[in-house]
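Understanding the architecture of this molecule
Spelled out, the chains give:
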Number of protein chains: 2
Amino acid sequence: MRTEIATLGEFGLIRHLTEGIELKNESSKYGVGDDAAVLSYPADREVLITTDLLLEGVHFDLTYVPLKHLGYKSAVVNFSDIYAMNGTPRQITVSLGLSKRFSVEDMEALYTGIRLACEEYGVDIVGGDTTSSLTGLTISITCIGDVERGKAVYRNGAHETDLVCVSGDLGAAYMGLQLLEREKLALKDADGDVQPDFAGREYLLERQLKPEARRDIIQKLREAGVQPTAMMDISDGLSSELLHICTQSKVGCRIYEEHIPLDYQTAVMAEELNMNVTTCALNGGEDYELLFTVPIADHEKVAEMEGVKLIGHITKPELGCALITRDGQEFELKAQGWNHLGE
Amino acid sequence: MRTEIATLGEFGLIRHLTEGIELKNESSKYGVGDDAAVLSYPADREVLITTDLLLEGVHFDLTYVPLKHLGYKSAVVNFSDIYAMNGTPRQITVSLGLSKRFSVEDMEALYTGIRLACEEYGVDIVGGDTTSSLTGLTISITCIGDVERGKAVYRNGAHETDLVCVSGDLGAAYMGLQLLEREKLALKDADGDVQPDFAGREYLLERQLKPEARRDIIQKLREAGVQPTAMMDISDGLSSELLHICTQSKVGCRIYEEHIPLDYQTAVMAEELNMNVTTCALNGGEDYELLFTVPIADHEKVAEMEGVKLIGHITKPELGCALITRDGQEFELKAQGWNHLGE
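Residues numbered from 1 in each chain as written. Chains lettered and ligands numbered in written order. Predicted model: local features only at pLDDT ≥ 70, side-chain atom pairs only at ≥ 80, totals over all residues. Heavy atoms only, no water.

1. Looking at the state of the cysteines
All names here are of chain A. As enumerated under the stated definition, the model contains 0 disulfides over all chains in all. This cysteine, Cys165, is not joined by any disulfide, and Cys253 carries the nearest cysteine sulfur, 13 Å off. With no disulfide of its own, Cys280 lies 20 Å from the sulfur of Cys253, the closest cysteine sulfur. Relative accessible area serves as the criterion here: at 3%, Cys280 is assigned to the buried category. (Disulfide = S-S within 2.5 Å. Buried < 20%, exposed > 50% of the residue type's maximum accessible area, 1.4 Å probe, protein only.)

Written out as structure tokens, the structure is:
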């Protein structure tokens with residue numbers, strides 16, 4: 001079934017998509033339906049704002065990304081930015097630009113994913129904008145969160161001797177993308193009903209199509225009484241993010257190849273594609289894991305924390321940023337993350 | 001001179017465009033450069049959030065809109081939404097999607113306009129996102145503002161016997177658009193160096209290309225001790241907005257054709273184009289004037305307020321929403337505002 005968006009119109013579509021939304025956070029006073037949403041935060045909280053613009057053909061390919069997953073991911077990547085400040089996401093606004101190709105049912109699927117992510121993470125949809133587009137789908141999400149006053153973690157707080165930590169494992173989302181791109185090509189060349197074979201690769205696909213934000217790690221750090229000195233989420237690849245932290249903190253670093261966390265499927269897929277798995281982990285991007293530094297005094301606490309890996313340490317700035325390989329060589333870290341502006 | 005954006009890259013471009021930005025509002029704690037901006041509002045303020053998505057070819061036509069003006073307008077229309085809640089805009093985030101057609105100089109022009117608007121209205125740029133686009137220019141701006149706790153004005157508070165007021169005059173921005181579209185066609189047909197003749201039409205162009213948000217009216221209302229019962233800004237046309245207020249407030253209204261504020265140039269241009277000037281004022285859109293209702297007890301205060309016009313009153317819901325023409329006829333108000341989704 002396909003219902004044209006024109007049958008509902010802009011306001012009708014927004015009403016339809018936001019129907020039944022209940023505001024759950026105490027800080028959400030008034031949501032969709034006025035010139036602006038109204039929020040109310042207590043004086044002991046600071047407010048965090050982050051925003052992401054996703055464009056069809058640049059950030060996602062609808063030939064293999066289901067709209068529901070796209071909605072979920074679009075919301076989660078914003079939550080991830082709020083966690084990366086040591087905060088809690090509370091509200092989002094959702095702006096959509098839609099070409100005539102999209103039906104009301106398509107937008108329902110997209111919104112189902114967004115609403116699911118919001119439910120999982122306890123976030124309220126409080127506003128947005130919907131408009132037609134001449135070309136494809138545009139998604140712009142802004143997320144508002146909060147953090148205890150003085151507890152926000154920036155990129156610029158890393159100190160010499162701090163430990164460098166990452167959550168989860170790296171490179172899998174990038175391998176998932178490679179897998180999807182390969183199957184897309186294969187299906188284009190094949191005639192008839194060939195079904196893609198993703199058996200045994202489910203983890204890679206999940207990491208690419210349905211990433212999660214590491215709320216659990218923020219929670220664990222808080223429970224352990226560890227306040228990171230610097231933190232960010234890994235969206236453009238470990239190298240690029242680590243360079244951001246080191247540049248902004250005016251320090252150097254050493255990380256160790258052997259400590260970079262990898263999943264088995266990532267390694268198998270890299271091997272199959274004849275790619276260096278460390279390179280994938282360093283530059284792959286879209287992992288949405290947390291990269292953070294902690295004082296060396298917290299060594300024991302983070303060393304025994306499940307889902308967290310120590311990968312190196314912060315140095316004086318003169319030493320630069322380098323990777324120590326398994327055979328003891330030193331390579332300067334370079335940002336080769338995804339650069340959508342064509343570097 | 002044309003510098004390709006690729007020579008700077010995403011992070012380089014953002015650094016370049018946001019260079020020298022100083023945060024001026026006390027509530028702006030940390031701006032561009034981290035996973036999220038950090039804001040801090042005192043407990044006696046509520047936080048307002050509004051967002052707008054503008055797409056090339058749908059919301060603006062770069063053949064006649066200079067990028068600097070576009071930047072200015074993109075910011076101001078968001079400020080207007082915050083004023084329409086009785087608030088003060090404090091911060092914006094700016095997300096841009098850019099095709100290869102655009103150079104660093106183009107983005108400088110756009111940002112010059114955005115920064116100028118921010119300076120004029122005392123707003124801080126605290127973040128954003130910049131990415132490549134396959135097609136044209138995408139601008140997504142989110143504005144954060146604040147209002148004294150309990151003083152936000154919604155669309156749903158209008159009561160029977162309240163007075164309906166508008167600021168400024170209506171229809172001029174729409175006439176400006178007609179004028180620009182007409183000249184665009186004329187120049188396309190003409191051969192050689194024909195220059196468009198806008199003499200005597202400057203006001204219409206200014207209303208279309210460089211609208212202002214009515215901060216002054218909010219200030220005057222506050223000084224006069226008038227708290228509107230309902231308010232919104234007129235972006236889609238008076239009819240459409242008045243229907244929003246009446247629907248959400250569950251009331252009806254009567255407005256009077258003879259009281260709708262019009263500028264002389266608007267009337268002349270409508271005449272020239274053989275259009276009904278009242279229709280232009282009712283449905284034109286993009287005026288960014290304020291539409292609000294006040295208790296009848298405030299009659300005297302608003303009647304003598306410069307830049308504010310009383311155009312009618314709120315009725316019981318059974319009476320519906322109608323315009324009384326100069327010759328005493330009653331016409332039901334209909335929303336024929338700009339609907340970008342093809343109604």
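Back to the text.
2. Notes on the relation of the copies chain A and chain B
Superposing chain A onto chain B takes a rotation of 180° combined with a translation of 0.0 Å along the rotation axis, leaving an RMSD of 0.0 Å. The superposition of one copy onto the other is thereby described by a two-fold rotation axis. In terms of proximity to the rotation axis, the leading residue of chain A is A:Ala43, whose C-alpha is 2.3 Å off the axis. Most of the interface of chain A is mirrored in chain B: 100% of its interface residues are interface residues there too. (Least-squares fit on C-alpha atoms with pLDDT ≥ 70 in both. Contact = heavy atoms within 4.5 Å.)

3. Section: the sheet that holds strand β3 (residues 45–55) of chain B
One open sheet accounts for 6 strands, arranged β1(A)-β2(A)-β3(B)-β6(B)-β4(B)-β5(B); its pairing is mixed. A single partner strand is all that each edge strand has here, and the edge strands are β1 (28–30) of chain A together with β5 (124–132) of chain B. Sheet twist, expressed as the average angle between the axes of neighbouring strands with direction ignored, equals 25°. Where β3(B) and strand β6 (residues 138–148) of chain B come together, 11 bridges link them in antiparallel fashion. Residue pairing across strands places B:Val47 opposite B:Asp146, the latter belonging to β6(B). (Pairing = 2+ DSSP bridges. Helix = DSSP H or I, 4+ residues; strand = E, 2+ residues; numbered from the N terminus. Axes fitted to C-alpha atoms, helices over the stretch in contact; angles between N-to-C directions.)

4. Thoughts on the side chain of A:His244
You can see A:His244 is positioned in helix α7 (residues 238–249). Those residues in contact with A:His244 that sit more than four places away from it in its chain are A:Arg155, A:Met232 and B:Phe11.

5. With respect to the packing of aromatic side chains
Within this structure, the stated rule accounts for 6 aromatic pairs over all chains. Ring plane angle 50° and centroid distance 6.2 Å describe the contact between B:Tyr83 and B:Tyr121, whose orientation is recorded as tilted. Taken as a pair, B:Tyr83 in helix α2 (residues 67–83) and B:Tyr121 in helix α3 (residues 104–121) lie far apart in primary sequence, 38 residues in all. The exposure classification of B:Tyr83 matches that of B:Tyr121, with both residues buried. Of the aromatic side chains, those joined through ring pairs into one cluster are A:Phe79, A:Tyr83 and A:Tyr121. Across from the ring centre of A:Tyr72, 4.2 Å away, lies the NZ or CZ of A:Lys210, which sits over that ring. (Phe/Tyr/Trp six-rings, centres within 6.5 Å; stacked < 30°, edge-to-face > 60°. Lys NZ or Arg CZ within 6 Å of the ring centre and 35° of its normal.)

6. So, the sheet that holds strand β5 (residues 124–132) of chain A
Within the open sheet, the 6 strands sit side by side as β5(A)-β4(A)-β6(A)-β3(A)-β2(B)-β1(B). Their pairing is mixed. Because the sheet does not close on itself, it has two edges, and the strands there are β5 of chain A together with β1 (28–30) of chain B. Within this sheet the neighbouring strands show an average axis-to-axis angle of 25°, counted without direction. Pairing geometry for strand β4 (residues 88–98) of chain A and strand β6 (residues 138–148) of chain A, over 9 bridges, is antiparallel.

7. Observations concerning the interface of chain A and chain B
Across the boundary between the two partners, chain A contributes 70 residues, which contact 70 residues of chain B. Counting the surface lost from both chain A and chain B, the interface buries some 5400 Å², and carbon and sulfur atoms represent 56% of this. The interface formed by chain A and chain B includes 4 salt bridges. The residue B:Asp35 makes a salt bridge to A:Arg155 at a minimum N-O spacing of 3.2 Å. For the side of chain A that touches chain B, the element with the highest residue contribution is strand β3 (residues 45–55) of chain A, accounting for 9 residues. Of the residues in the side of chain A that touches chain B, the class split is 30 nonpolar, 26 polar and 14 charged. Pairing geometry for strand β2 (residues 37–39) of chain A and β3(B), over 3 bridges, is antiparallel. Bridged to A:Ala37 within β3(B) is B:Ile49. (Buried area = accessible area lost by both parts, 1.4 Å probe. Salt bridge = Lys/Arg side-chain N within 4 Å of Asp/Glu carboxyl O. Nonpolar A, V, L, I, M, F, W, Y, C, P; charged D, E, K, R; others polar.)

8. Here we look at the packing of helix α4 (residues 172–189) of chain B against helix α5 (residues 202–209) of chain B
Residues and elements named next belong to chain B. One way to put it is that α4 packs onto α5 with a least axis distance of 7 Å and a crossing angle of 100°. With respect to each other, α4 and α5 are oriented roughly perpendicular. Each of Ala172, Ala173, Tyr174, Met175, Gly176, Leu177, Leu179 and Leu180 in α4 lies in contact with α5, whose residues at this interface are Tyr203, Leu204, Leu205, Arg207, Gln208 and Leu209. (Parallel < 35°, antiparallel > 145°, perpendicular 65-115°, else oblique.)

9. A closer look at the packing of helix α4 (residues 172–189) of chain A against helix α8 (residues 264–272) of chain A
Residues and elements named next belong to chain A. Viewed as axis vectors pointing N to C, α4 and α8 meet at an angle of 45°, and their least axial separation amounts to 9 Å. What the angle tells us is that α4 and α8 run oblique. For the element pair α4 and α8, the recorded crossing hand is left-handed. Taken together, the residues of α8 that come into contact with α4 (itself represented by Ala172, Met175, Leu179 and Arg182) are Thr266, Met269, Ala270 and Glu272. (Left-handed = near helix turned anticlockwise from the far one by under 90°.)

10. Focus: the pattern of salt bridges
All names here are of chain B. For the structure shown, the criterion picks out 34 salt bridges over all chains. Notably, a salt bridge pairs Asp61 with Lys184, separated by 2.5 Å at the nearest N-O pair. A residue pair is termed long-range when its members are at least 10 positions apart, and Asp61 in the loop between β3 and α2 and Lys184 in helix α4 qualify at 123 residues. Accessibility expressed as a relative area gives 16% for Asp61, which makes it buried. In this structure, Lys316 engages Glu160 in a salt bridge whose closest nitrogen and oxygen atoms are separated by 3.5 Å. Here Lys316, found in the loop between β11 (308–315) and β12 (321–324), pairs with Glu160, found in the loop between β6 and β7 (163–167); they are 156 residues apart in sequence, far enough to count as distant. Looking at Lys316, the relative accessible area reads 39%, which means it is partly exposed.

Purely geometric stuff here, so don't read any function into it on its own.
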